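Structural characterization, general
Here's the letter readout for the chains.
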Amino acid sequence: MKPPHPRERRGLWLGPMPSLAALAELPALSPAAVLWEQGFFAGLKAQGFELTVVSHRPEPLWPRGRLMPGVRPAPADVSFPTSVVGHTNAPGLRARSLARAYEHEAIDLARIEAYAFVASFNPLPWHLAAATAGVRQHGPPWVSFLLDDVLHDPTLERYARATRLAAGHVILSAAAAERITKLMPAAPVLHLDGAIDRWRGDDLESARPARPYVVYSGAHTEEAGMSLLVAAIPFVAADVTFTITGDRGRHAGLSELMARDARVQTVGWVSPATLDEICRSATAFLNPRPPAHGLSLASFPSKLMTYLAYGKPAVSTWTPGLADAYKDLLLVADAETPRAFAAAIDRAVSMDMHSRDLLRRKIRAFLIPGRLWETQGLRFANFLDQRITRGDNAAR
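Attention here is on the structure that accompanies the text. (Residues numbered from 1 in each chain as written. Predicted model: local features only at pLDDT ≥ 70, side-chain atom pairs only at ≥ 80, totals over all residues. Heavy atoms only, no water.)

What to know about the sheet that holds strand S12 (residues 314–316)
- Spatially, six strands are ordered S10-S9-S8-S11-S12-S13 in an open sheet, and the strand pairing comes out parallel. At either margin of the open sheet sits one strand with a lone partner, and together these are strand S10 (264–268) and strand S13 (331–332).
- Across two bridges, S12 lies against S13 in parallel orientation. In the sheet register, Ser 316 faces S13, and the bridge partner there is Val 332.
- The strands touched by helix H11 (residues 338–349) are strand S8 (213–217), strand S9 (241–245), strand S11 (284–287), S12 and S13; relative to S12, the strand with the most contacts, the crossing angle is about 165 degrees. (Pairing = 2+ DSSP bridges. Helix = DSSP H or I, 4+ residues; strand = E, 2+ residues; numbered from the N terminus. Contact = heavy atoms within 4.5 Å. Axes fitted to C-alpha atoms, helices over the stretch in contact; angles between N-to-C directions.)

If you want it as structure tokens, here you go:
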């Protein structure tokens, strides 16, 4: 196959600031979004992509946050050149101000550079404004990425209407990809959930502490499942240490649980290097995302990829965003109840070495090479070449 022309790998990306430095500085920036974006960008770089990113500094609405987050240089650790737009951060004005800023910046950039495509990270109003303006004025095909249900739209019908001008869709959630395919049968859809940068699961059993060490890493919110986790931990019979990282969204029940259960400790937001140390020592991991929550249809719990990279048991609920292939890799709770989730935790920490090794081998065979970021970057490149930029409507 003829190598792609460099221009076919040049795109305009509308999304969060791809920076760990910004993540540490800006509490309103989603860790899951930035980490997924950084991983995906690494995969794109491996395939020769060159992106220009349009982003902004998210802050709480004024007066909690600054009224006028202005144009500032991007952090030094961004994955690709990033243009940070300013906006008015006032109630009732923020969305419109961001939409104008993104639209103007995208149009100005498209006048200078002939982009092969424009991509939007979630259908936020400012991303939609910039993407549709770019399509209408300069013509590059638009690829819409759906990572979360930011429209609070369990049917995804609003998403379909909002992205009707998109030339194609990349969907993380398995159920959402199926739903979008039915709602938009003529539109190319790529299901691409998550990946890992490398396998971290070899020779880790020697790092396990004598006392079982169970880790949850993620937001402390309802949609992330913190209420289920807090309710389940008292029913866990094993003498374990629960380490809970992340502090984006406070949960009152967690504080109350820590006051009465000495097994539970929180360490707040940690750097990737510190998280790696924690995960290397873990006996098992936790993903308590509630299946019935309205936001679960359109989202993929990307923390699972972090967990699976270590080849250890991950206790999980079963949510619509998961593809069937994950059923053999996770310890899925028998029911969506605290007692059932606690029973799954007890099963995980009591697994013998033979069972753990069999699971580790199964996880590795799934991840390598199919869920490496480089592989996912190649899948997107093929999708772009075959279905988007070359107008080829051959079957996926």
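Alright, that's what it looks like, and here's the rest.
Considering the environment of Gly 225
- Tracing the backbone through its elements, the reader meets Gly 225 in the loop between S8 and helix H7 (226–232).
- It is 4.8 Å that separates the C-alpha atoms of Gly 225 and Pro 288, two residues lying 63 residues apart in sequence.
- If we ignore the near neighbours within four places in the chain, the residues touching Gly 225 are Pro 288, Arg 289 and Pro 290.

Here we look at a nonpolar patch on the surface
- Together, Trp 62, Leu 67 and Met 68 make up an exposed nonpolar region whose accessible area comes to about 310 Å².
- For Met 68, the position within the fold is in the loop between strand S2 (50–56) and strand S3 (82–85).
- The exposure class assigned to Met 68 is exposed, which follows from its relative accessible area of 52%. (Patch = residues over 30% accessible without salt bridge, like charges linked within 9 Å, V, L, I, M, F, W, Y side chains within 5 Å. Areas by Shrake-Rupley, 256 points an atom, 1.4 Å probe, with all protein chains shown as cover. Salt bridge = Lys/Arg side-chain N within 4 Å of Asp/Glu carboxyl O. Buried < 20%, exposed > 50% of the residue type's maximum accessible area, 1.4 Å probe, protein only.)

Focus: the sheet that holds strand S1 (residues 10–14)
- The seven strands are arranged S3-S2-S1-S4-S5-S6-S7 in an open sheet whose pairing can be described as parallel. Edge strands, defined here as strands with exactly one partner in the open sheet, are S3 and strand S7 (189–191). The sheet shows a mean angle of 20 degrees between the axes of neighbouring strands, direction not considered.
- In this sheet, strand S5 (residues 142–146) lies alongside strand S4 (residues 117–121) in parallel orientation, the contact comprising four bridges. Bridge pairing in S5 places Ser 120 opposite Ser 144.

A word on the packing of aromatic side chains
- Enumeration over the complete set of coordinates arrives at 20 aromatic pairs.
- Geometrically, the ring pair formed by Trp 36 and Phe 121 is edge-to-face, given 6.2 Å between the ring centres and 65 degrees between the ring planes. Linking Trp 36 in helix H2 (residues 31–46) with Phe 121 in strand S4, this pair joins segments that are 85 residues apart in sequence. In this pair, the class of Trp 36 matches that of Phe 121, namely buried.
- Between Phe 40 and Phe 380 the ring centres are 5.6 Å apart and the planes differ by 70 degrees, which places this aromatic pair in the edge-to-face class. Residue Phe 40 is found in helix H2, and its partner Phe 380 is found in helix H13 (residues 373–388); the two are separated by 340 residues along the sequence.
- For Phe 40, a relative accessible area of 0% puts it in the buried group.
- On the basis of relative accessibility, which here comes to 0%, the residue Phe 380 falls in the buried class. (Phe/Tyr/Trp six-rings, centres within 6.5 Å; stacked < 30°, edge-to-face > 60°.)

Quick notes on the pattern of salt bridges
- On inspection of all chains with the given rule, the structure shows 18 salt bridges.
- As a salt-bridge pair, Arg 360 and Asp 202 come within 3.1 Å of each other at their nearest N and O atoms. Separated by 158 residues along the polypeptide, Arg 360 in helix H12 (residues 353–367) and Asp 202 in the loop between S7 and S8 bring together distant segments of the chain.
- According to the relative accessible area criterion, Arg 360 is buried, its value standing at 18%.
- Of the charged contacts in the structure, one is a salt bridge between Arg 211 and Asp 239, with a shortest N-O distance of 2.6 Å. Residue Arg 211 is located in the loop between S7 and S8, and its partner Asp 239 is located in the loop between H7 and S9; the two are separated by 28 residues in the primary sequence.
- Classification of Arg 211 by relative accessible area gives partly exposed; the value is 35%.

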